[in-house]
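# Chain and residue survey
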Amino acid sequence: MSVPDTLKVSISGVRGIVGKALTPRHISDFAAAYGTQMGKGRILVGRDTRSTGKMFEHAVVAGLLSVGCKPMIVGIAPTPTVQMAVKEYNANGGIVISASHNPEEWNALKFIGPEGLFLSEAEAEELLHVYNQPERVYVKESEYRSPIYIDGIFDYHKKKILDAIDVKKISSKRYRVAVDCCNGVGALYSRTLLEAMGCEVDTFFDESEGRFYREPEPIAKNLNFICNKMQENIYDIGFAQDPDGDRIVVINPEGEPIGEQYSLLLAAEHLLANAKGSSIAVNIQTSRTIEDIANKYDATVIYTPVGEINVTKALLGNHCLMGGEGGSGGIIWPEIHPCRDSFGGMALILELMACRSKTLNEILDEMPQYDHVNRKYAVSRADAIELIRTLSFEFEKERTDQSDGLKISWEDGWTLIRSSNTEPVLRVFIEGKDPLSINRIEKLLDLENRVHLIGI
Amino acid sequence: MNFLRIGTSGMRGIVGESLNPRIAMRFASALGTYFEGGVVVLGRDTRHSSEMLHHACVSSLLSAGCNVLDAGVLSAPEMHFTIPHVHAKGGIFIGAGHHPEGWNAITPLDKSGRFLNKVQLQVLLDIYHSHKFSDRVWDETGSVYSAPTETRARYIESLCNHLDVKAIKDAGFRVVVDFCNGSGFEVTKAFLNELHVELLAINGEASGNLPHDPEPRPRSSQQARSAVLIGKADIGFSFNTDLSRAAIITNTGETLSEEYTFPYVLSLAGTILEQEKCIVTNCCSSKTLDRVAEKMGLEVLKVPVGQSSIMETMLDNRCVMGGDGSGSMAYLPHNPGFDNLMLLGMILQGLAVGGKKAANIAEELPRYHIIKKIIPYSKTHAAEEILRISKKFPEAAISEMDGIHLSWEDGWAHIRLSTTEPVVRIIVEFSDATRAEEIIFRIKGFFEK
């Protein structure tokens, strides 16, 4: 590839490989642009455990101070915790320094608006516009404010979760829980939350000094360690988080990851059963099982493009009971806060088991099962768009949805083909009622070949 | 007006206009690259924007792979002292010193704690202008550590080691200091406690809210003057916000011009300078200094304006003492930078040993008529332009060291562009007041034409 792929400045914010292209100078400038857009005031500043987090925290604070903001520095905190703290602390917004599930050489900024939600596409575009101006409007010496440091930011988040669930019922089961914290924010907060629910907790990858000792994306191939630990079958359930604590993945008592899709499905099985006739917003990358569950409880499914803010907007606009991102282990429970939250997610799944007095496997057995595959092809964004366009013409006779990439549905399964927002890859998800259907769909798409041809 | 200066005194500008995080981080990144990833001490004064510049510098230094020793809020002399004490590769001091409200500065210091000299500055500027900074990848970035807390005690120990502590203790002094709400109160209090000196502190809150012009001068010494008189103090001082400049107020309430600070301490430093042959000052210092030095048998070496050139010349000529007409003094055996507390200590020792009152010392200083004028001036060819003024004064002897120096039998005038602000600084000194007025009138005519 001729273009160095180390820096991305887009409506998703600024993201890059530290030192190669992303420097404190970019970060500070972006923070100053954001502070200007938010109109000064208090801005929360949180970060995940990455080794470069502290360095960028200084850059963000400098940028915010220079435009007259009052940074409220919360240190290492889960992204959802910072999102919900925005309103709690009367702040105008927040910045989380985290490259989510990207490897440790990356870092990025996530921007939160005054409602505690990520910036919408329009707001993010406006931010980019402010950032691109050649001159900034800085405040003068007399208008400077001092930053403040806030301790114990997770307490509020934890209390909200414990107030919203049946702690007594979960405690009575004395669950044994294994958690893979990914050396991320979970290393600091998962144990305290689960112990407050009477669980016996073992944590893995629970050092938080800035190194990730496993690949940070919580997908099956990266979870071998916890899976091996669970094979003695002494745990009721296992969880795996990502570095900034928004995603959650479940591992069954035999030590097998049940797949990113099931986090949302389990939470939906629990919440929709207790409030029949409600609605749920999910992105188009969510398993068809969600429709089966919704049907069972007279609920409506609203599909949205991929991206937390898209789900959140649909969820709030339609007064949904809950929402989520199936393909990436995202559970959104607005009773806590309208954002993806691994901590609220763990609580909901434990409450489901406790209320039903069933094991995880018993609950899963009652759910309709589909097979899934995830594929990733290295394709530039521009080529990806061309490829998706070609496919949309070829399959125009099928049921398609082009709100985000291309979703094609058949009787026996569906696929979603989209270009990643964060990396130069084409992501392909296929779900089928059995491996044969998946095979059939893969053959039909013939992506291996098409991508190979682009290369030539 | 958008005004930024980069020189041996670092990067100086008006906060929010010329001095902003973009340019500050470029400068700090160049410094981090210059220090090649070593340990760098970072300190700051109390100005409101100093915290912003602190965060900007920390982030840039970490990215360059430097380990930052955060010394927090402290005075400039403590910074000079700390860097060699902790064996750092260098340091950055953030603070506006004598500049008015609204200004700030980032001053690089080398491994010995001194301002950079011209050669070091050139290397730094080449990096700065190239925009090629050493930005490290994720596992090679630096970390922040707190500077050792005992450095302040070591600094005070060093001050005391160079003074006759017993004599000062026995004298039982009472001293007024106006700190201008800068970073000086804590360290001064600790030092004066060691000397059993009673401190009457005013504006000692480290808040950065400037109660008056921070440049020590008679007109900014009025509060201190009242405190000296009411508190019946033996002497008073007006300090700038980072303890690099001072003006003296005598026990009778005379607010001495900052021009007399250096001659004053020199006249009391006889025992300290017994073995010395020369001292260093800049080319626009008062004749008072020349007379005092002459009486003590000391040669006066004159250099261009700026702490850096004074310190370099002191080193070149093995001088222990240097200072200038802005109220600064450095004593090299103790500290490689201007140091108000060394100055304060030497004055107290001189008063204690000599048994005279502060006002007597002032009376003994030969005085001339000094007029200082500041004229806003920011032409493109300003530096060349001001040299033409010599044509107006064919009768004067001319020297072109740092601006233009004109001298007559009975006095002199110095005209130079400020290195820190868009102004021309004019100093005229004559034995006779009318002559001084006449010369300044003619000089102003040149600029107001």
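Calculation criteria
Residues numbered from 1 in each chain as written. Chains lettered and ligands numbered in written order. Predicted model: local features only at pLDDT ≥ 70, side-chain atom pairs only at ≥ 80, totals over all residues. Heavy atoms only, no water. Helix = DSSP H or I, 4+ residues; strand = E, 2+ residues; numbered from the N terminus. Rg over C-alpha atoms; globule rule 2.2 N^0.38 Å. Buried < 20%, exposed > 50% of the residue type's maximum accessible area, 1.4 Å probe, protein only. Contact = heavy atoms within 4.5 Å. Areas by Shrake-Rupley, 256 points an atom, 1.4 Å probe, with all protein chains shown as cover. Lys, Arg positive; Asp, Glu negative; His and termini not counted. Charge placed at Lys NZ, Arg CZ, Asp CG, Glu CD. Pairing = 2+ DSSP bridges. Salt bridge = Lys/Arg side-chain N within 4 Å of Asp/Glu carboxyl O. Polar contact = N/O pair within 3.5 Å; in protein donor to acceptor, adjacent residues only side chain to side chain. Nonpolar A, V, L, I, M, F, W, Y, C, P; charged D, E, K, R; others polar. pLDDT = per-residue confidence, 0-100. Axes fitted to C-alpha atoms, helices over the stretch in contact; angles between N-to-C directions. Parallel < 35°, antiparallel > 145°, perpendicular 65-115°, else oblique. Left-handed = near helix turned anticlockwise from the far one by under 90°. Arc of directions from axis to C-beta.

In this section: the overall build of chain A. Each helix and strand in chain A was counted, giving 16 helices and 20 strands. Taken against the 2.2 N^0.38 rule, which gives 23 Å for 456 residues, the C-alpha radius of gyration of chain A at 22 Å falls within 12% of a compact globule. By principal-axis analysis of the C-alpha atoms, chain A measures approximately 65 × 60 × 40 Å. Residue burial in chain A is summarised as follows: out of 456 residues, 62% are buried. Looking at chain A alone, contacts between residues at least 24 apart form 69% of all its contacts between residues at least 6 apart. Accessible area of chain A: about 17300 Å², with a carbon and sulfur share of 48%. Of the charged side chains in chain A, 49 are positive and 64 negative, and the gap between their average positions amounts to 3 Å.

This paragraph deals with the overall build of chain B. Looking only at helices and strands, one finds 15 helices and 20 strands in chain B. At 21 Å, chain B has a C-alpha radius of gyration in line with the 22 Å of a compact globule built from 449 residues. With respect to the principal axes defined by its C-alpha atoms, chain B has extents near 65 × 55 × 40 Å. Relative to its 449 residues, chain B shows a buried fraction of 64%. Per element, the accessible surface of chain B, about 16600 Å² overall, is 49% carbon and sulfur. When the 44 positive and 52 negative side-chain charges of chain B are each reduced to one mean point, those points stand 3 Å apart.

All names here are of chain A. If you walk across this open sheet you meet the 7 strands as β1-β2-β6-β5-β3-β4-β7, and the pairing is mixed. Strands at the two margins of the open sheet, each flanked by one partner only, are β1 (7-10) and β7 (148-149). Relative to strand β4 (residues 69-76), strand β3 (residues 41-47) is paired through 7 bridges, and the arrangement is parallel. Within β4, the position partnered with Leu-44 by the bridge is Met-72.

Quick look at the interface of chain A and chain B now. Each partner contributes to the interface: chain A provides 34 residues, whereas chain B provides 31 residues. Here A:Arg25 ties to B:Asp135 by a salt bridge, and the two come within 2.7 Å at their closest N and O atoms. Our count for the chain A to chain B interface comes out at 10 residue pairs in polar contact (both at pLDDT 80 or more). Within the side of chain A that touches chain B, the residues separate by chemical class into 14 nonpolar, 11 polar and 9 charged.

Take the confidence of the model for chain B next. Atomic detail in the predicted coordinates should be set aside for any region of low pLDDT. Per-residue pLDDT for chain B averages 94, and the proportion of residues at 70 or more is 99%. Taken over the whole predicted complex, pTM reads 0.93, whereas the ipTM for its chain interfaces reads 0.92.

Residue and element names in this part refer to chain B. It is at 11 Å that the axes of helix α7 (residues 185-194) and helix α12 (residues 340-354) come closest, and there the two elements cross at 30°. With respect to α12, the element α7 is oriented roughly parallel. For α7 against α12, the interelement crossing comes out right-handed. For the pair α7 and α12, contact is made by Val-187, Thr-188, Phe-191 and Leu-192 and by Leu-341, Leu-344, Gly-345 and Leu-348, respectively.

Every α-helical turn comprises 3.6 residues, leaving residues that sit three or four positions apart pointing alike. All names here are of chain A. By the burial criterion, the buried members of helix α15 (residues 435-445) are Ser-437, Ile-438, Ile-441 and Leu-445. Along the axis of α15, the buried residues cluster in a sector spanning 100°; they form a single face. With respect to the buried face of α15, the exposed residues turned more than 90 degrees away are Pro-435, Leu-436 and Lys-443. Among the residues trailing α15, Asp-446 stands out with phi positive, at a value near 55°.

Take the pairing of strand β1 (residues 4-7) of chain B next. Residues and elements named next belong to chain B. Here β1 runs beside strand β2 (residues 10-14); their pairing, made up of 4 bridges, is antiparallel. In the strand pairing of β2, Arg-5 is matched with Arg-12. What sits between β1 and β2 in their antiparallel hairpin is a turn of 2 residues.

This part covers the sheet that holds strand β8 (residues 176-180) of chain A. Residues and elements named next belong to chain A. The 4 strands are arranged β9-β8-β10-β11 in an open sheet whose pairing can be described as mixed. Bordering the open sheet on either side are β9 (200-204) and β11 (248-251), each of which pairs with just one other strand. On average, each strand axis in the sheet is tilted by 25° relative to the strand beside it, whichever way the strands run. One ladder, built from 4 bridges, connects β8 with strand β10 (residues 237-241); its direction is parallel. Paired with Val-177 across the bridge in β10 is Ile-237.

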